Amino acid sequence: MEQQAILTAPKVQAAQGEHRGMALLALAGAVLLWGTSYAAAKTALQQVSPATLIGLRMLLASLVLLPFWSRLPRPRYQTGDGRWLLVLGLLQPCLYFLCEVEALRHTSSAQAGTIAALVPLFVAVMARIWLGERLRRPALLGLLISLAGVILLSLAAVGSATAPDPLLGNSLQLMAMVCAASYMVLLKRLSDRYDTWWLTGVQNLLGVLFYLPAVWLARESLWHVDLQGWLAIGYLGGIVTLGGFGLYNMALRVLPASEAALSINLVPLLAILVGWLLLGEAMTLLQSLAALLILGGVVMSQLKRH
């Protein structure tokens, strides 16, 4: 019996390592999609309203997933799950996208992407409260440092044609990150009983119902959207909305909530790079220092205690 256990252990470890490797690849894909989404949303918002953009994103994502819906594993529903599924959809995509897209009307995609680095810290705090995951002192200190960086980033920002009110925009983006962190922790609680893509589909459906009136009211103005605008909307709806959350949900089935959220640290770097390459956005020296302060707080939160 002991010999059989010894022979079986390497296979189990190899399988666990393979699952972890796939989870990390899924996280990398989600980060790539989310990091490029800010510039795409900024482009689309030049031609459509925030609510219309979000509604179209949800509608396109639902249409892409619809042919595969019947093949998804059925959920193991438990009493009381209905209200949590509703809260999950309200947090993301409804409230999250409403705050984030409205934020991009007032601030640059680079600043909005930088503030996204706060999500892992919020997740760590909420995972401690809701999931009982350990919260270390460096995490709290890192959270305070990063919040100070967000305040400095907002106060140092100067209004421009693409970022007319950075203080308001960054505040809205901060609210969006709170919604995102709450969503991730709640998703971790539900992911054991519900398939990844089933949860993603339910989210998209709630988003469609929430934003469909805005799309209907703006239906005539959609005829004036040019090819660049439709490409941005198509990328956000057909690829980012479905792929980003679907890949992240896949990774969350294997990794702890706080560990999976760390991947979002790379989103700001991608957002700044893409905003600079495609939109010509630039950050002042003081804003760059504030961004380093935010990222430094995130890094400090992950330092191990000796």
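This text gives an overview of the structure that appears in the document. Please read these numbers as outputs of a predicted model, since none were measured by experiment. (Residues numbered from 1 in each chain as written. Predicted model: local features only at pLDDT ≥ 70, side-chain atom pairs only at ≥ 80, totals over all residues. Heavy atoms only, no water.)

**Thoughts on the pattern of salt bridges**
At step 1: What the rule picks out here adds up to two salt bridges.
At step 2: A salt bridge links Arg 193 to Asp 81, with the shortest nitrogen-to-oxygen separation between them at 2.7 Å. Taken together, the residues Arg 193 in the loop between helix H7 (166-190) and helix H8 (196-217) and Asp 81 in helix H3 (residues 81-104) connect sequence positions 112 residues apart.
At step 3: Here Arg 193 falls in the buried class, since its relative accessible area comes to 16%.
At step 4: Arg 105 is paired through a salt bridge with Glu 102; the nearest N and O atoms lie 3.4 Å apart.
At step 5: With a relative accessible area of 24%, Glu 102 lands in the partly exposed category. (Salt bridge = Lys/Arg side-chain N within 4 Å of Asp/Glu carboxyl O. Helix = DSSP H or I, 4+ residues; strand = E, 2+ residues; numbered from the N terminus. Buried < 20%, exposed > 50% of the residue type's maximum accessible area, 1.4 Å probe, protein only.)

**What about the environment of Cys 99?**
At step 1: Secondary-structure assignment places Cys 99 in helix H3.
At step 2: Its relative accessible area of 11% is what places Cys 99 among the buried residues.
At step 3: Each C-alpha atom, one on Cys 99 and one on Gly 169, is 8.8 Å from the other, the two residues being 70 residues apart in sequence.
At step 4: The contact partners of Cys 99, leaving out residues within four places of it in the chain, are Leu 172, Met 175 and Ala 176. (Contact = heavy atoms within 4.5 Å.)

**Focus on a nonpolar patch on the surface**
At step 1: A surface patch of nonpolar side chains, about 400 Å² in accessible area, is lined by Leu 86, Leu 90, Leu 95, Leu 98 and Phe 210.
At step 2: Ranked by residues supplied to the nonpolar patch, first place goes to H3 with four residues.
At step 3: Structurally, the position occupied by Phe 210 is in helix H8. (Patch = residues over 30% accessible without salt bridge, like charges linked within 9 Å, V, L, I, M, F, W, Y side chains within 5 Å. Areas by Shrake-Rupley, 256 points an atom, 1.4 Å probe, with all protein chains shown as cover.)

**Remarks on the side chain of Thr 107**
At step 1: Considering the arrangement of structural elements, one finds Thr 107 in the loop between H3 and helix H4 (109-115).
At step 2: Assessed through its relative accessible area of 0%, Thr 107 is described here as buried.
At step 3: For Thr 107, the side chain forms a polar contact with the side chain of Asn 170, separated by 2.9 Å. (Polar contact = N/O pair within 3.5 Å; in protein donor to acceptor, adjacent residues only side chain to side chain.)

**Brief notes about the packing of helix H5 (residues 119-130) against H7**
At step 1: At a minimum axis separation of 9 Å, H5 and H7 run at an interaxial angle of 45°. For the element pair H5 / H7, the angle class is oblique. Classified by chirality, the crossing of H7 by H5 is right-handed. Packed against H5, whose contacting residues are Val 119, Phe 122, Val 123, Met 126, Ala 127 and Trp 130, the element H7 presents Leu 174, Met 177, Val 178, Ala 180, Ala 181, Ser 182, Met 184 and Val 185 at the interface.
At step 2: Considered class by class, the residues forming the contact of H5 with H7 number 13 nonpolar, one polar and no charged. (Axes fitted to C-alpha atoms, helices over the stretch in contact; angles between N-to-C directions. Parallel < 35°, antiparallel > 145°, perpendicular 65-115°, else oblique. Left-handed = near helix turned anticlockwise from the far one by under 90°. Nonpolar A, V, L, I, M, F, W, Y, C, P; charged D, E, K, R; others polar.)

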